[in-house]
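Fold and geometry: a report
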Amino acid sequence: MTHDLSSLVLAQGDSWITFDVKGFLDQFWANTIDGLAYGSIYALVALGYTLVYGVLKLINFAHSEVFIYGAYAVWFTLFGLGFRPGDTPELPVFELIGFLLLALLAAMAVSGGTAVLLERVAYRPLRKRGAPKLVFLITAIGASFVLQQILFIWRGGNAEQGIRLMRNEPVFKLFGADVTNVTIITIIASVVLMLATNMFVNRTKFGRGIRAVAQDPDTATLMGVNKERVITLTFLIGGLLAGAAALFYMMKVPQGASYQGGFILGIKAFTAAVLGGIGNLRGALLGGLLLGVAENYGQSLFGGGWRDVVAFVLLVLVLMVRPTGILGESLGKARV
Amino acid sequence: MTVTSTPTAPAAAKRRRPISEWWNNLPRVQQWLVLVPLVVLIYLLPVLNPPILSTQPGYNFPIAMFEVSRYALVAIGLNIVVGQAGLLDLGYVGFFAVGAYVMALFTSPDSTLHKLPFLIVLPIAMVVTMIFGVILGTPTLRLRGDYLAIVTLGFGEIVRLLADNVDPLRGNSGFQAVGHPPGTNADGSALFNNSDGTPWYWLCVTVIIIVLFLVGNLERSRVGRAWVAIRDDEDAAEIMGLPTYKFKIFAFVSGAAVGGLSGALYAGQLGFVNNQKFDVVTSMLFLAAVILGGAGNKVGVLLGAIVVAYVPLRFQAIAEYKYLIFGLALIILMIFRPQGLLGARQRLLTYGRQAYQRLLGRGEQISSDGSLAPETPGEKA
């Protein structure tokens, strides 16, 4: 019977996993650049996890649905503006920027609103009752189900047909790999948004409140910080960033809006947050970029189906080896 | 063993669940007198096909009953992990999938492996799943709470993605003609076939009764007390010298074995295994069964499993909305009744109360609610 077992491992003469080293080396720079673009999207969503975790020590499991609501908002905004799936219109630059900003605002408004509503309906009653942590997680799972199913019942199981505002065209070459306009916009806008968030948390009065609650909620309350307002603000910022990420995601992956589409991306963003150190804003950026690149390498090395496996294996490995992530938890650490 | 009610705390005594109290204080013989006819009735259900309970014409009733019993078995297994040991496992479907795939690999003609009879593969499936439980548990059980939940979620997804991507596991095309237990009808056709749920239901109920006995014994043993200790306060348990890590792995492996068993039964009844049936949503439904009923309470999780599996089959009109309904139910339940429909009934503490009564002549009021319940003042004396 032993030979039968070995025949399972090597059925039809091929192994379970095939390595495409040549393809990996050929595509190395292209994968790196594409990975950075994906990674900056992950990082934006990861910031939402990180901020909420930093303040509430809670993994907001429904954050992936906050993201996907933003993606739907992008789709409906473009649809409402008269754009249709299929053809990519030729637009003047200023008009294009205007439409993109409009979509961005809509996505941020919807995602931010969803996040705040989620906090009101699902988490605040639990906090009032002083529920243990696991109860929050189960509620989050329930909320995630509800938000997903509302989309499913409304729009059905199929992903929305992609609406493209701009073509993914190469602008210049870096190490022989094409850098496209969408990649440039995604990476630059994400980094700017993250720097803005970092500034907001570290420089403003509201940001000081967030850090104070993250460090010690009770003392912060005694010092006159309105804890509930800080928590709402935290969810709002996370939602706004998820909405922005949704726009870039829809530009990069036009068929992104599906009721289940948030789940995988949410898990990846969470992985990114954990990788960098959950509760750490800079960690989210680092983790997101690392994960995006690692995933693309894995995809070209093992094949397309292994992309998600790489992300999940990375998640398990990171949590096992260094649960506090590369940079450690730090939102609560006092920094002047 | 006659137990008197506690006269010193009448108000508090009223708050305790009277039915479970009454039941626990019945002599063993009287419990059996109630239980045996109940079990007979449960066995007869698919034959009787009672008009109100019946899921027909929407869904074949015996097969619906098998579905319910399968969920019940899964819930008992997951309850060991979540309810007893307090380890939130979001990837339990992974163990279920491993059991189903082992059954398919050893019995389906689509697999290149040596073929074995169903009854031999059943324990093999359990053992392989237990090995997977060790593989997953050894590195990850040092994590706690949320992190453990996410890692197990990742594990469940990895299992599903492997089924997608590893060629010998045949991805979407899957395995046809998965094996079934021996036995033939009077006319020579196979007793356990895919269209008749009744024998499968009987088999599954029998398995449930056996598993309930085994798990019940485990709970009353040193192991069960260790699990409860870990669930209630892991740090305290560790400090008191309990090897918590060892017991957590033990809980994981026991739960995995039951998950693998139910997966193997499921594969046999359906006769077909592919990668579509083991997604995270299924895992969440399993968890919903345990949480709805009341984690830590065996009767509770059975009730939860019946609700989760039976309601969408009986009321086909709401089947489309079942995930929405379970999501809402989870939120509302966690806000108003975090311990589930029936909270964990801590027999050990009940015994402790009896000991108090004997020694001091008065009762010690102890919270009888589950691990997930908030500690409200007044429940603890």
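The following refers to the structure shown. Given the structure is predicted, the values throughout are model-derived calculations rather than measurements.

Considering the overall build of chain A
- Looking only at helices and strands, chain A has 13 helices and two strands in total.
- Taking 20 Å as the expected radius of gyration for a compact globule of 336 residues, we find that chain A reaches 21 Å, a close match to that expectation.
- Each of the three principal axes of chain A carries a C-alpha extent, and together these read 70 × 65 × 45 Å.
- The buried share of chain A, reckoned over its 336 residues, is 57%.
- For chain A, the proportion of contacts with a sequence separation of at least 24, taken over those separated by at least 6, is 79%.
- Accessible surface, chain A: about 14,300 Å² in total, of which carbon and sulfur atoms supply 66%.

Digging into the overall build of chain B
- On a plain count of helices and strands, chain B comes out with 16 helices and zero strands.
- Per-residue burial for chain B yields a buried fraction of 54% across its 381 residues.
- Across chain B, the fraction of contacts at a sequence separation of at least 24, relative to all contacts at a separation of at least 6, is 73%.
- Accessible surface, chain B: about 16,500 Å² in total, of which carbon and sulfur atoms supply 67%.

Section: the pairing of strand β1 (residues 170–174) of chain A
All names here are of chain A.
- Here β1 lies mainly on the outside; zero of its five residues are buried.
- Pairing between β1 and strand β2 (residues 177–180): four bridges, direction antiparallel. Across the sheet, the residue bridging to F172 is V179, located in β2.
- Two successive antiparallel strands, β1 and β2, enclose a turn made up of two residues, where F175 displays a positive phi of approximately 50 degrees.

Regarding the interface of chain B and chain A
- Taken together, the contact pairs 47 residues of chain B with 53 residues of chain A.
- Considering only the side of chain B, the residues that lose the most area to chain A are D146, Y147 and I150 of chain B, jointly responsible for 15% of the buried surface there.
- Summed over the shared surface of chain B and chain A, the number is zero salt bridges.
- The interface formed by chain B and chain A contains one residue pair in polar contact (both at pLDDT 80 or more).
- Mapped by element, the contributors of at least two residues to the side of chain B that touches chain A are α6 (118–140), α7 (145–165), α12 (280–293) and α15 (322–336) of chain B.
- Per-element tally for the side of chain B that touches chain A: the top contributor is α7 of chain B, with 13 residues.
- Broken down by class, the residue content of the side of chain B that touches chain A amounts to 35 nonpolar, eight polar and four charged.

Remarks on the environment of L289 of chain A
Residue and element names in this part refer to chain A.
- Mapped onto the elements, L289 comes out in helix α12 (residues 281–302).
- Sequence separation of L289 and M194 is 95 residues, and the distance between their C-alpha atoms is 13 Å.
- If sequence neighbours within four positions are ignored, L289 has contacts with G35, L36, G39 and S40.

Focus: the nonpolar core
- F67 and Y123 of chain A together with L73 and L90 of chain B are the most contacted members of the largest nonpolar core, which has 210 residues in total.
- Ranked by the residues each element gives to this core, the list is headed by helix α10 (residues 227–252) of chain A, at 15 residues.
- Beyond its immediate stretch of four places on either side in the chain, Y123 of chain A contacts L58, N60, F61, A62, L118, F136, A140 and F235 of chain A.

Re helix α11 (residues 244–270) of chain B
Residue and element names in this part refer to chain B.
- Here α11 is 27 residues long and its end C-alpha atoms lie 39 Å apart, about the 39 Å a rise of 1.5 Å per residue gives.
- Of all the 27 residues making up α11, 23 are buried; the element is thus mostly covered by neighbouring parts of the structure.
- Remark: G271 follows α11 within two positions and exhibits a positive phi of approximately 75 degrees.

Some points on the environment of G86 of chain A
- Topologically, G86 of chain A is positioned in the loop between α4 (63–80) and α5 (93–129).
- Residues G86 of chain A and A257 of chain A lie 171 residues apart in sequence; the distance between their C-alpha atoms is 15 Å.

Remarks on α10 of chain A
Residue and element names in this part refer to chain A.
- Spanning 26 residues, α10 covers 37 Å between terminal C-alpha atoms, matching the ideal 38 Å at 1.5 Å per step.
- α10 sits mainly inside the fold: 21 of its 26 residues count as buried.
- For α10, the N-terminal cap is N226; the gap from its side-chain oxygen to the backbone nitrogen of E228 is 3.3 Å.

Comments concerning the pattern of salt bridges
All names here are of chain A.
- Per the stated rule, a full pass over the model turns up 14 salt bridges over all chains.
- Here E119 ties to R124 by a salt bridge, and the two come within 3.4 Å at their closest N and O atoms. Here E119 matches R124 in class, with each residue buried.
- Connected through shared salt-bridge partners, E119, R124, R127 and E228 make up one network.

A word on a nonpolar patch on the surface
Residues and elements named next belong to chain B.
- There is a patch of nonpolar side chains on the surface, built from W32, L35, V36, L38, V40, L41, I42, L44, V47, L48, W202 and F213 and spanning about 1,100 Å² of accessible area.
- Taken together, the elements giving at least two residues each to the nonpolar patch come down to α3 (28–48) and α8 (198–220).
- By relative accessible area, W202 is classed as partly exposed at 35%.

Cut-off values and rules
- Residues numbered from 1 in each chain as written.
- Chains lettered and ligands numbered in written order.
- Predicted model: local features only at pLDDT ≥ 70, side-chain atom pairs only at ≥ 80, totals over all residues.
- Heavy atoms only, no water.
- Helix = DSSP H or I, 4+ residues; strand = E, 2+ residues; numbered from the N terminus.
- Rg over C-alpha atoms; globule rule 2.2 N^0.38 Å.
- Buried < 20%, exposed > 50% of the residue type's maximum accessible area, 1.4 Å probe, protein only.
- Contact = heavy atoms within 4.5 Å.
- Areas by Shrake-Rupley, 256 points an atom, 1.4 Å probe, with all protein chains shown as cover.
- Pairing = 2+ DSSP bridges.
- Buried area = accessible area lost by both parts, 1.4 Å probe.
- Salt bridge = Lys/Arg side-chain N within 4 Å of Asp/Glu carboxyl O.
- Polar contact = N/O pair within 3.5 Å; in protein donor to acceptor, adjacent residues only side chain to side chain.
- Nonpolar A, V, L, I, M, F, W, Y, C, P; charged D, E, K, R; others polar.
- Core = buried A, V, L, I, M, F, W, Y, C linked by side-chain atoms within 4.5 Å.
- Expected span 1.5 Å × (residues − 1).
- Patch = residues over 30% accessible without salt bridge, like charges linked within 9 Å, V, L, I, M, F, W, Y side chains within 5 Å.

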